[in-house]
Amino acid sequence: MDRKSLFPSLVAGFGAAVLTTVPGIKNFACCLLVPLAAVTALFLDHKLNKTRLPITLKSALFFGFFTALFATVFSTFFDVLITFITHTNDFIQALPQTESMVKQYHLDALLEQTMELLKQMARDIQSTGFSPLYTFGIFFSNFIINSIFGLMGGILGMTFLNRRTQI
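Reading guide: rules and limits
- Residues numbered from 1 in each chain as written.
- Predicted model: local features only at pLDDT ≥ 70, side-chain atom pairs only at ≥ 80, totals over all residues.
- Heavy atoms only, no water.
- Salt bridge = Lys/Arg side-chain N within 4 Å of Asp/Glu carboxyl O.
- Helix = DSSP H or I, 4+ residues; strand = E, 2+ residues; numbered from the N terminus.
- Buried < 20%, exposed > 50% of the residue type's maximum accessible area, 1.4 Å probe, protein only.
- Domains from an automatic or database assignment.
- Buried area = accessible area lost by both parts, 1.4 Å probe.
- Polar contact = N/O pair within 3.5 Å; in protein donor to acceptor, adjacent residues only side chain to side chain.

Quick look at the pattern of salt bridges now. Any two side chains of opposite charge can pair, so long as their charged atoms come close to each other. This model, assessed by the stated rule, comprises three salt bridges. We note a salt bridge from K26 to D90, for which the minimum N-O separation is 3.4 Å. Here the residue K26 occupies a position in the loop between α1 (6-19) and α2 (29-48), and D90 occupies one in helix α4 (residues 90-104), the gap between them amounting to 64 residues. Accessibility expressed as a relative area gives 37% for K26, which makes it partly exposed. Residue R123 is joined to E116 by a salt bridge in which the shortest nitrogen-to-oxygen separation is 2.9 Å. The exposure class assigned to E116 is partly exposed, which follows from its relative accessible area of 41%.

Laid out in structure tokens, this is it:
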């Protein structure tokens, strides 16, 4: 794989990341947008670089992973940027409900410490617009989830494009 092979993943991952900033669509980011972006990356690579069909599993996984990686990097960047500008986000909005749920279950001191850490993240976001721990957490969780669905999207795209040439 050469550098030209990364451009379709970059474009598709960026597109998926932009769509994740739209309220409502954000809920479908992992399970719908990232796989569709991986399929799109395979399709774009096939059209732009005149790659030969059938697409191999290795190539499909490559495009699925890198599309997911680019989607993760850009969506994390956009989330952090919007949080920095507005000093609020979904995490801040959901924290009171999370705290009441934790208190309801009378869990041990470890969860109390975790809640204090979450409250500190919220205070950092509300005061400066940035929390390093929040940024790391968002990146890590997006990376894991997007990678799984990106690989699945790569395999689905391979199946779709290979089957399309047989017809």
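Our focus in this paragraph is the domain arrangement of the protein chain. Assigned domains within the protein chain: domain 1 (3-87 + 129-161) and domain 2 (88-128). A separation of 29 Å is found between the C-alpha centroids of domain 1 and domain 2. For the pair domain 1 and domain 2, the two sides together bury roughly 910 Å², of which 53% comes from carbon and sulfur. If you sort the residues of domain 1 by the area they bury against domain 2, H87, L133 and Y134 come out on top, with a joint share of 49%. Our count for the contact surface shared by domain 1 and domain 2 stands at one salt bridge. Where domain 1 meets domain 2, there are nine residue pairs in polar contact (both at pLDDT 80 or more). Of all elements in the fold, only α3 (57-86) and α6 (132-166) reach the threshold of two or more residues within the side of domain 1 that touches domain 2. Of the residues forming the side of domain 1 that touches domain 2, the biggest block, three residues, is contributed by α3.

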